[in-house]
Amino acid sequence: MCDAIQQRVFSANEKSFHEDCFVCTVDGVPIGEEKPFHVRGDDIYCVLHYREKFIHTCKTCTKDIEGKYINVLDFFYHEECFVCEGCNTSLLDGDFQMAGRRFQMSSSVHQEVYAP
């Protein structure tokens, strides 16, 4: 934070900033007037960099994840979206494997569940 502020002032997180000092923590680009921003701890982020750093997107439905989520191999899912690609059964309590770039129930589980 700067010492004497004698020009236009921006306030965030109970601190005051010169216009040129009110910048995104990630790339130092000025946020400017009337642009949305996010504060996390002592850091200020433009919307783009905040989303990249802190908001996960569900791999299945591509919507933002708020609250509980599943993280498997750096893929993020809503709990209700973490399902078998083949049969749409939840994988939360089951045995699963990779099928290409998606997850599915393991073959043995599929045989037990869907055996005639």
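Residues numbered from 1 in each chain as written. Predicted model: local features only at pLDDT ≥ 70, side-chain atom pairs only at ≥ 80, totals over all residues. Heavy atoms only, no water.

1. Details of the packing of aromatic side chains
Applying the stated rule across the entire model yields eight aromatic pairs. A centroid spacing of 5.7 Å and a plane angle of 50° characterise the contact between F17 and F22, whose relative ring orientation is tilted. For F17, a relative accessible area of 13% translates into the label buried. On the basis of an interplanar angle of 85° and a centroid distance of 5.3 Å, the ring pair of Y45 and F54 is categorised as edge-to-face. Counting every residue linked through ring pairs, the aromatic cluster contains F17, F22 and F37. (Phe/Tyr/Trp six-rings, centres within 6.5 Å; stacked < 30°, edge-to-face > 60°. Buried < 20%, exposed > 50% of the residue type's maximum accessible area, 1.4 Å probe, protein only.)

2. What to know about the nonpolar core
In terms of nonpolar packing, the biggest core is built from twelve residues, these being C58, I65, I70, V72, F76, Y77, C81, F82, C84, L91, F103 and M105. Residues F10, A12, F22 and I31 belong to the second largest nonpolar core, which totals six residues. (Core = buried A, V, L, I, M, F, W, Y, C linked by side-chain atoms within 4.5 Å.)

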